[in-house]
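# Examination of the molecular architecture
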Amino acid sequence: MLLDPDVENDVAYELCQLVGRSILPYRRAGGGDPDGAGTIFFFQDSGGEYLLTADAVAGAAGELGLRASVTEPVGLAPAVLPVTGWIRRPEVGVAVLPTAGLHAVAAAGGWAWRTQPVVDVVAADADVLARIDTAPGSAFVLAHGLPAGGERPLEVAIERVARVGGEVRIGAGLPAGYVGAPVFGVEAVADGGMALHCLGLVLPGVEGHPVATFDRIRAMLPAAGEG
């Protein structure tokens, strides 16, 4: 569904309010700048909670940047948290990390996570994804780029998404740091409104990016209690 620019701006703002605290900057251990930098996000379904990102970003280990807004109380969490233990699925292009260990680290340090996970009801199912066709629709990528100065604030890129050669793709190149970030789209519903869906996450690309869609991501999530 292609929206008017003013509506796109409204949707981008609402997304930041709804899921902004699910999205964090990540840097792969040993990754060169900017190749080692990407974005991760929290996802929650009935089986548990996970971090998701692109396999190309995750590597074997890395560092997760913690904004002050995603932890409580203020001042106890470190600015950077080492992360290991990714479950890597290069055939899908995605890496997954169950978050039980991250919550244990927080508890041991006297602080807690204060996030807004992308929840399963928002994640696109196979039927939603099948309705994406060759006509470009509005897409919203929430990510932590690499602006000059070293800080990595949350950003929103408003792009176009369509089905190209059998895969869902973002039609333009994205800035450094956006690989692994969640991609959101909208579709019209029967009452005349629109439904918001998380389509998947950004994979590496040149002059455009494939999207690892949620039908494939769901199939690789560990069962409850695994990991």
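Fair warning: this is a prediction, and the values are worked out from it, not measured in the lab.

## Structural notes on the packing of aromatic side chains
Considering all chains together, one arrives at 4 aromatic pairs under this definition. Ring geometry for Tyr26 and Trp86: centres 5.6 Å apart, planes at 85 degrees, overall edge-to-face. Of this pair, Tyr26 sits in strand E1 (residues 23–28) while Trp86 sits in the loop between strand E6 (80–84) and strand E7 (87–89), and the two are 60 residues apart along the sequence. Taking the relative accessible area as the measure of exposure, Trp86 reaches 9% and is therefore buried.

## Side note on the nonpolar core
Core analysis: the biggest nonpolar cluster contains 49 residues, and Phe43, Leu52, Leu64, Trp86, Trp113 and Leu201 have the highest contact counts within it. If sequence neighbours within four positions are ignored, Leu64 has contacts with Leu24, Pro25, Tyr26, Ile40, Leu51, Ala79, Val80, Leu81, Val83 and Trp113. Of all hydrophobic cores here, the second largest spans 18 residues; its members include Val168, Ala181, Leu199 and Val202.

## Digging into the sheet that holds strand E14 (residues 182–188)
Strand order in the closed barrel formed by 6 strands is E11-E12-E13-E16-E15-E14, with antiparallel pairing between adjacent strands. Between one strand axis and the next, the sheet turns through 45 degrees on average, direction left out of account. As paired elements, strand E12 (residues 154–164) and strand E13 (residues 167–170) share 4 bridges and run antiparallel to each other. Within E13, the residue paired with Arg163 across the bridge is Val168. In the packing of helix H1 (residues 5–19) onto the sheet, the strands contacted are strand E11 (137–144), E12, E14 and strand E15 (194–202), and the crossing angle to E11 comes to about 40 degrees.

## Some thoughts on a nonpolar patch on the surface
Taken together, Met1, Val7 and Met194 make up a surface patch of nonpolar side chains, about 230 Å² in accessible area. With respect to the element layout, Met194 can be found in strand E15. With relative accessibility at 38%, the residue Met194 sits in the partly exposed group.

## A short note on the pairing of strand E2 (residues 37–45)
Within E2, 7 of the 9 residues are buried, leaving the element largely enclosed by the surrounding structure. For E1 and E2, the ladder comprises 5 bridges, and the chain directions are antiparallel. Each bridged residue has a counterpart across the sheet, and for Ile23 the counterpart in E2 is Phe41. As paired strands, E2 and strand E3 (residues 48–54) are joined by 5 bridges and run antiparallel to one another. The partner of Gln44 across the bridge, within E3, is Glu49. In this antiparallel pair of consecutive strands, E2 and E3, the connection spans 2 residues.

## Topic: the pairing of E1
Both E1 and strand E4 (residues 61–65) contribute to a ladder of 3 bridges, which runs antiparallel. Bridging from a neighbouring strand, Arg28 pairs with Gly62 of E4.

## So, the layout of surface pockets
Quantified by volume, the largest pocket comes out at close to 320 Å³. Counting residues per element, the ones that place at least two in the lining of the largest pocket are E1 and E4. Of the residues contributing to the lining of the largest pocket, the split by class is 7 nonpolar, 2 polar and 5 charged.

About the thresholds
- Residue indices follow the written sequence of each chain, beginning from 1 at its first position.
- Local features in this predicted model are restricted to residues whose pLDDT is 70 or higher, and side-chain atom pairs enter the listing and the counts only when it is 80 or higher, whereas totals over whole chains, interfaces and linings include all residues.
- Based on all heavy atoms of the structure, the side-chain values leave hydrogens and waters out of the count.
- Centres within 6.5 Å are what make two rings of Phe, Tyr or Trp a pair, Trp counting through its six-membered ring; a difference in plane orientation under 30 degrees is then read as stacked, over 60 as edge-to-face, and the rest as tilted.
- Numbering of helices and strands runs from the N terminus; a helix is a DSSP stretch of H or I covering at least four residues, while a strand is a stretch of E covering at least two.
- Type-normalised accessible area, obtained with a 1.4 Å probe on protein chains alone, sets the label of each residue: buried when under 20%, exposed when over 50%, and partly exposed for intermediate values.
- To qualify as a nonpolar core, a set must consist of buried Ala, Val, Leu, Ile, Met, Phe, Trp, Tyr and Cys residues joined through side-chain atoms within 4.5 Å.
- Contacts were defined at the residue level, with two residues in contact if any of their heavy atoms lie within 4.5 Å.
- In this analysis, strands are considered paired if DSSP registers two or more bridges between them.
- Axes here mean lines fitted to C-alpha atoms, for a helix over just the part in contact, with angles spanning 0 to 180 degrees between N-to-C directions.
- A patch consists of residues exposed above 30% relative accessible area that lack any salt bridge, with like charges linked at up to 9 Å and nonpolar side chains (Val, Leu, Ile, Met, Phe, Trp, Tyr) linked at up to 5 Å.
- Surface exposure here means Shrake-Rupley accessible area, sampled with a 1.4 Å probe, where a residue is shielded only by the protein chains that are shown.
- We define a salt bridge as a contact between a side-chain nitrogen of Lys or Arg and a carboxyl oxygen of Asp or Glu at a distance within 4 Å.
- Put plainly, a pocket is an open set of points on a 1 Å grid over the protein atoms alone with protein on both sides within 12 Å along at least five of seven lines, a cavity is a set where a 1.4 Å probe fits but cannot get out, and a lining residue has an atom within 4 Å of a point.
- Grid points are joined across faces, edges and corners, and a volume is the space filled by probe spheres set on the points.
- Only Asp, Glu, Lys and Arg are considered charged in this grouping, and only Ala, Val, Leu, Ile, Met, Phe, Trp, Tyr, Cys and Pro are considered nonpolar; every other residue, Gly among them, is considered polar.

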